[in-house]
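Chains, contacts and geometry: an overview
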Amino acid sequence: MSQKSDYVDETDIDATLDDQPDDDTIDQTVANLEANGFKAVVVDSAEDALETIQSHIPAGASVMNGHSTTLEEIGFTEYLSEGDHDWESLPDDIWSIDDDAERQAARREAQTADYFLGGINAIAQTGELVAADRSGSRIGAYPFAASNVVIVSGVNKIVDDLEAALDRLESVAYPLENERAKDAYGVESAIAKQLIFRQELEEGRTTVVLVREQLGY
C-alpha cells in the first residue's frame, strides 16, 4: 500500500497548496459544495471516514473503486476486498479474470456500479472538484456512469478557487502520483484525462467525505 510519506520528502511539490485549512474555510467549502449539488460530510479521522462509507452503502450494492491513495489510507481498499460486508466487490471480480480483453471490458462495465468510490486531486473552496487520470478508469465514473459516487478527501486538498485547484493538480498531485506510478507500474503517470466537476444535478448522487487529516495526493 502506498503512503504519501513514501514520496513527499523526495518530491518537489508546492506545499502551500497542501495545507490544513481552518474551520471557517472548511465550513465555506461545505456550503459551496452543497450549493453546487454535492452532499458533503465532514469527519474527524480516517477511521470515521471508513465508518461513514460502511453506513452509506446498502447491502447488496455493487461497489467499484478507482485507485486512490486516500482510500488505501482509510482502510477502504482492504475492507472492500477482505472485510465483512454484503456488497458485491467488483474489483475482486475483475482481477480474477485471466483474459486481458475480458478484464478490460469488465473494467469498463464496472464504471456503472451502484456505488463508485475514489479520491480527488483538489477541491476549490468555491465548490468545484478537480481530478485527473492517466487512463480515465477513475474519473470516467464520476460525471455520469455510476449510479452513486462517493469521493473521499483529506481537507488538505481544499484550496481557494478553481485556478488554485488546477494548480494543485499540476504542482502537488501529479508529482507525487508520478513517483508512485513509477514504483507501482514502472511507467510515468500523465495528466491525460482531466475532470472539472462543477455541479451535481442529480440530488443525492455524489457524496464528498472530507476528512480532517492530511491524506492522499
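Now for a look at the structure at hand.

Scoring rules and cut-offs
Residues numbered from 1 in each chain as written. Predicted model: local features only at pLDDT ≥ 70, side-chain atom pairs only at ≥ 80, totals over all residues. Heavy atoms only, no water. Helix = DSSP H or I, 4+ residues; strand = E, 2+ residues; numbered from the N terminus. Rg over C-alpha atoms; globule rule 2.2 N^0.38 Å. Buried < 20%, exposed > 50% of the residue type's maximum accessible area, 1.4 Å probe, protein only. Contact = heavy atoms within 4.5 Å. Areas by Shrake-Rupley, 256 points an atom, 1.4 Å probe, with all protein chains shown as cover. Lys, Arg positive; Asp, Glu negative; His and termini not counted. Charge placed at Lys NZ, Arg CZ, Asp CG, Glu CD. Phe/Tyr/Trp six-rings, centres within 6.5 Å; stacked < 30°, edge-to-face > 60°. Pairing = 2+ DSSP bridges. Axes fitted to C-alpha atoms, helices over the stretch in contact; angles between N-to-C directions. Salt bridge = Lys/Arg side-chain N within 4 Å of Asp/Glu carboxyl O. Core = buried A, V, L, I, M, F, W, Y, C linked by side-chain atoms within 4.5 Å.

**Topic: the overall build of the chain**
Within the chain, the regular secondary structure consists of eight helices and 10 strands. The C-alpha atoms of the chain give 16 Å as radius of gyration, which agrees with the globular expectation for 217 residues (17 Å, within 12%). For the chain, the C-alpha atoms occupy an extent of roughly 45 × 40 × 30 Å along the three principal directions. Per-residue burial for the chain yields a buried fraction of 52% across its 217 residues. Within the chain, contacts between residues at least 6 apart in sequence are counted, and of these 80% link residues at least 24 apart. A total of about 10,200 Å² of accessible surface is found on the chain, and carbon and sulfur atoms cover 42% of it. Taking the average location of the 15 positive side-chain charges in the chain and that of its 46 negative ones, the two points are 7 Å from each other.

**Observations concerning the packing of aromatic side chains**
The tally for this structure, following the rule as stated, stands at four aromatic pairs. Here the aromatic rings of F38 and F197 are separated by 4.9 Å at their centres, their planes lie at 80°, and the arrangement is edge-to-face. Placement of F38 in the loop between helix 1 (23-35) and strand 1 (39-43) and of F197 in strand 9 (residues 193-197) is noted, with a sequence separation of 159 residues between them. There is no split in this pair, since F38 and F197 are both buried. Here F76 and W87 contribute two aromatic rings whose centre-to-centre distance is 6.3 Å and whose plane-to-plane angle is 35°, an arrangement assigned as tilted. With F76 in helix 4 (residues 76-82) and W87 in the loop between helix 4 and strand 3 (88-89), this pair connects stretches of sequence that are 11 residues apart. We note that F76, like W87, is buried. Grouped by ring-pair contacts, the aromatic residues F76, Y79 and W87 constitute a single cluster.

**What to know about the sheet that holds strand 8 (residues 158-159)**
Backbone-to-backbone hydrogen bonds pair the strands of a sheet. The strands run either parallel or antiparallel. Spatial strand order, 8-5-6-9: four strands in an open sheet with mixed pairing. Of all the strands in the sheet, the pair left with one neighbour each is strand 8 and strand 9. Here strand 6 (residues 129-133) pairs with strand 9 via five bridges, running antiparallel. Residue pairing across strands places L129 opposite F197, the latter belonging to strand 9. Packed onto the sheet, helix 8 (residues 162-185) meets strand 5 (122-124), strand 6, strand 8 and strand 9 and runs at close to 25° relative to strand 6.

**What about the environment of G118?**
With respect to the helices and strands, the residue G118 is situated in strand 4 (residues 115-118). Taking the C-alpha atoms as reference points, G118 and A165, separated by 47 residues in sequence, lie 17 Å from one another. The residues contacting G118, other than those within four sequence positions of it, are S68, L71, Y142, V150, I151 and V152.

**Describing the pattern of salt bridges**
Here the structure, examined in full by the defined rule, presents eight salt bridges. One salt bridge in this structure joins K182 and E179, with 3.1 Å as the shortest N-O distance. Placement of the pair is K182 and E179 together in helix 8, with a separation of three residues, close to one helical turn. For E179, a relative accessible area of 28% corresponds to the partly exposed category. It is possible to trace a salt-bridge network through shared partners that takes in D23, D44 and R212.

**Comments concerning the nonpolar core**
The biggest cluster of nonpolar side chains holds 28 residues, and the ones touching the most others in it are L33, I123, L129, Y142 and L210. Those elements that place two or more of their residues in this core are helix 1, helix 5 (90-95), strand 6, helix 7 (141-145), strand 7 (148-154), strand 9 and strand 10 (206-211). With three residues, helix 1 is the single largest residue contributor to this core. Excluding residues within four positions of it along the chain, L33 makes contact with F38, A40, I123, G127, L129, V208 and L210. One finds I74, L80, W87 and Y115 within the second-largest nonpolar core, a separate group that totals 21 residues.

**Some details on the pairing of strand 7**
Taking burial as the measure, the seven residues of strand 7 include seven buried ones, the bulk of the element. Burial along strand 7 is two-sided: the face carrying N148, V150, V152 and G154 and the face carrying V149, I151 and S153 are both buried. The pairing of strand 7 with strand 10 spans six bridges and is parallel. Following the sheet pairing, G154 is matched in strand 10 by V211.

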